[in-house]
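So you can see what is in the structure, the chains are spelled out below.
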Amino acid sequence: MSNSERDIRTPIIIKILKSCVDGATKRRILKATPLTHEQLRRITAELVDKRLLRYVDANRFYITTDKGHQFLNQNRNLEDAN
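Structural notes, computed from the coordinates. (Residues numbered from 1 in each chain as written. Predicted model: local features only at pLDDT ≥ 70, side-chain atom pairs only at ≥ 80, totals over all residues. Heavy atoms only, no water.)

1. Side note on the pairing of strand E1 (residues 53-56)
Quick reminder of the rule: When DSSP finds two or more bridges between two strands, those strands count as paired. Numbering of helices and strands starts at the N terminus; helices are DSSP runs of H or I of at least 4 residues and strands are runs of E of at least 2.
With four bridges joining them, E1 and strand E2 (residues 61-64) adopt antiparallel strand pairing. If you follow Tyr55 over to E2, its bridge partner there is Tyr62. Counting the residues between successive antiparallel strands, the hairpin from E1 to E2 contains four residues, one of them, Arg60, with a positive phi of roughly 60 degrees.

What follows is the structure, given as structure tokens:
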């Protein structure tokens, strides 16, 4: 991933992780972001693979992991701008 691509994706990743702090369904995440369903599917799968998000199958929602909280803390300056 190039730096420019990372720069574009980071604010969206931050929005997703913030939306999922207390748990969020795909529908709730879609409302909080400018993503299509397919884009959301790809990004959430990537975030789960990187262990920034966890999918709770029994409740059918995503929740931000400890590693995801660390990512938010490391990017607090970007988070505050959004």
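2. Looking at helix H3 (residues 37-49)
Three or four residues apart is the spacing at which side chains of an α-helix point the same way, because the helix has 3.6 residues per turn. Convention followed: Helix span is expected to be 1.5 Å times the residue number reduced by one.
The end-to-end C-alpha distance of H3 is 18 Å, a good match for the 18 Å that 13 residues give at a rise of 1.5 Å each. Where H3 terminates, the next one or two residues include Arg51, which has phi positive at roughly 65 degrees.

3. Points about the nonpolar core
Quick note on the threshold: Only buried residues count toward a nonpolar core, which is a set of Ala, Val, Leu, Ile, Met, Phe, Trp, Tyr and Cys residues joined through side-chain atoms within 4.5 Å. A simple rule labels every residue: compare its accessible area, found with a 1.4 Å probe on the protein chains alone, to the largest value its type can have, and call it buried under 20%, exposed over 50%, or partly exposed in between. We call two residues contacting when some pair of their heavy atoms lies within 4.5 Å.
Counting 17 residues, the largest nonpolar core has Ile16, Leu17, Cys20, Ile29, Leu47 and Leu53 as the members making the most contacts within it. Those elements that provide at least two residues to this core are helix H1 (3-19), H3 and helix H4 (66-74). The biggest single contributor to this core is H1, with five residues. Excluding anything up to four places from it in sequence, Ile29 contacts Ile16, Cys20, Ala24, Leu40 and Tyr62.

4. Focus on the pattern of salt bridges
Put simply, the rule reads: One side-chain nitrogen of Lys or Arg within 4 Å of one carboxyl oxygen of Asp or Glu is enough to make a salt bridge.
Within this structure, the stated rule accounts for four salt bridges. The partner of Arg42 in a salt bridge is Glu38, and the shortest N-O contact between them spans 3.7 Å. Highlighted residues: Arg42 and Glu38, both in helix H3, separated by four residues, approximately one helical turn. Given the relative accessible area of 37%, Glu38 is considered partly exposed. Each of Arg9, Glu46 and Lys50 takes part in salt bridges that share partners, so that together they form one network.

5. Describing H4
Put simply, the test is: The arc in question is formed by the directions pointing from the helix axis toward the C-beta atoms.
Within the sequence span of H4, burial applies to Gly68, Phe71 and Leu72. The buried residues of H4 occupy an angular sector of 100 degrees when projected down its axis, which confines them to one face. In H4, the exposed residues that point more than 90 degrees away from the buried face are Asp66 and Gln74.

6. Regarding the packing of aromatic side chains
We count it as follows: Paired rings are identified among Phe, Tyr and Trp, the last through its six-membered ring, by centres lying within 6.5 Å, and are further divided according to the angle between planes into stacked (under 30 degrees), edge-to-face (over 60) and tilted (the rest).
The tally for this structure, following the rule as stated, stands at one aromatic pair. Geometrically, the ring pair formed by Tyr55 and Tyr62 is tilted, given 4.8 Å between the ring centres and 55 degrees between the ring planes. Assessed through its relative accessible area of 8%, Tyr62 is described here as buried.

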